[in-house]
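Report on the structure
As a plain string of letters, each chain reads:
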Amino acid sequence: MAKASKILFISQEITPYLPQSEMSIIGRELPQKIQESGKEIRTFMPKWGNINERRNQLHEVIRLSGMNIIIDDTDHTLVIKVASIQAARMQVYFIDNDDYFQQTSSTDVDACDYEDNDERTIFFARGALETVKKLRWCPDVIHCQGWISSLVPLYIKKAYNDEPSFRNSKIVLSLFDSKFEGKLPSTLPEKALMRGIESADIDINRDNIDCNELSRLAIDYADGIITHGPNIDKGLVDYAVSRGLPVIGYNGEDDFADRCNALYDTVFDK
């Protein structure tokens with residue numbers, strides 16, 4: 001059985017950069033445990049406006065910054081920052097842009113129907129993947145957590161599937177009880193298009209792009225699912241099972257990292 005050795009975490013929230021929540025704690029603790037198990041990791045998250053750069057000692061990585069991400073015929077500058085969690089011996093890369101992240105906090109975006117949330121999630125997904133390409137790093141498994149990472153599976157399987165960094169990458173998706181409470185603009189399907197992606201690849205109800213619709217789209221291109229908590233929408237879990245995806249649950253078990261490692265190996269070996 002082939003085993004995954006490189007795991008890329010693309011997370012919405014990580015403590016201590018953001019307040020503690022189920023998602024931010026897992027975003028902090030799981031990569032450390034996976035790294036301690038012998039796997040190589042990289043971790044990405046948005047540089048939300050409520051992250052204190054000075055206190056957390058973020059600094060810009062000039063060699064990775066400066067690329068323009070084109071969304072709806074408009075250039076948006078990608079800025080990459082990095083910080084270290086010393087106790088975990090773990091670096092975190094931050095995706096930043098003045099328009100999308102400097103003035104918005106993670107909690108505000110979760111609760112509000114910002115008119116540019118479609119562009120925000122597109123920018124984050126593509127920014128993270130373009131940065132991994134620049135790092136010349138080839139993840140075996142990409143673990144996505146949070147609504148803002150929901151387009152990563154689509155991009156990996158359709159737009160970046162021929163890229164050397166992602167040619168063999170598999171996707172694990174975490175589903176959480178806590179959800180994005182708003183809706184994304186109906187323009188998301190058009191704006192998300194790029195080389196390799198056609199309209200038919202984005203099977204989504206454009207009149208009601210809520211957290212469940214984003215999750216369902218992500219499941220379409222995922223290889224494995226992790227459910228966090230007892231209140232996950234049963235329809236999503238049933239949908240994942242109907243597609244033949246392995247599903248594991250998490251309710252605070254001590255062996256969670258071991259079970260994640262097993263899932264990473266399972267999907268990578270398919």
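What you are looking at is a predicted structure, and each value in this text was computed from that prediction instead of being measured.

Attention now goes to the sheet that holds strand β7 (residues 90–96). Taking strand neighbours across the sheet as the criterion, the nine strands line up as β3-β6-β7-β2-β1-β8-β9-β10-β11 in an open arrangement whose pairing is mixed. A strand with exactly one partner marks an edge of an open sheet, and here the two such strands are β3 (59–60) and β11 (247–250). Bridge count for strand β10 (residues 224–228) against β11 is four bridges, and the pairing is parallel. Directly across from I226, in β11, lies its bridge partner I248. Packing against the sheet, helix α10 (residues 256–269) makes contact with β1 (6–11), β8 (141–145), β9 (170–176), β10 and β11, and its axis sits at approximately 160° to β10.

Moving on, we get to the layout of surface pockets. Using a probe with the size of a water molecule, rolled over the atoms, empty space left in the structure can be pinpointed. Of the pockets and cavities examined, the largest pocket occupies roughly 400 Å³. Taken together, 30 residues form the lining of the largest pocket, with Q12, M23, F176, S178 and K179 sitting closest to its centre. Elements with a minimum of two residues in the lining of the largest pocket: α1 (22–36), α4 (106–111), β9 and α8 (211–220). Looking at the lining of the largest pocket, its residues break down into twelve nonpolar, twelve polar and six charged.

Another aspect to go through is the nonpolar core. Core analysis: the biggest nonpolar cluster contains 93 residues, and Y17, Y155 and Y264 have the highest contact counts within it. In terms of residue count, helix α5 (residues 117–135) provides more of this core than any other element does, eight residues in total. Leave out the neighbours within four places in its chain, and Y17 touches M45, N50, I51, N56, L58, A83, S84, I85, V92 and F94.

Rules and cut-offs
- Residues numbered from 1 in each chain as written.
- Predicted model: local features only at pLDDT ≥ 70, side-chain atom pairs only at ≥ 80, totals over all residues.
- Heavy atoms only, no water.
- Pairing = 2+ DSSP bridges.
- Helix = DSSP H or I, 4+ residues; strand = E, 2+ residues; numbered from the N terminus.
- Contact = heavy atoms within 4.5 Å.
- Axes fitted to C-alpha atoms, helices over the stretch in contact; angles between N-to-C directions.
- 1 Å grid on protein atoms, 1.4 Å probe; cavity = no way out; pocket = protein on both sides within 12 Å on 5 of 7 lines; lining within 4 Å.
- Points joined across faces, edges and corners; volume = space filled by probe spheres on them.
- Nonpolar A, V, L, I, M, F, W, Y, C, P; charged D, E, K, R; others polar.
- Core = buried A, V, L, I, M, F, W, Y, C linked by side-chain atoms within 4.5 Å.
- Buried < 20%, exposed > 50% of the residue type's maximum accessible area, 1.4 Å probe, protein only.

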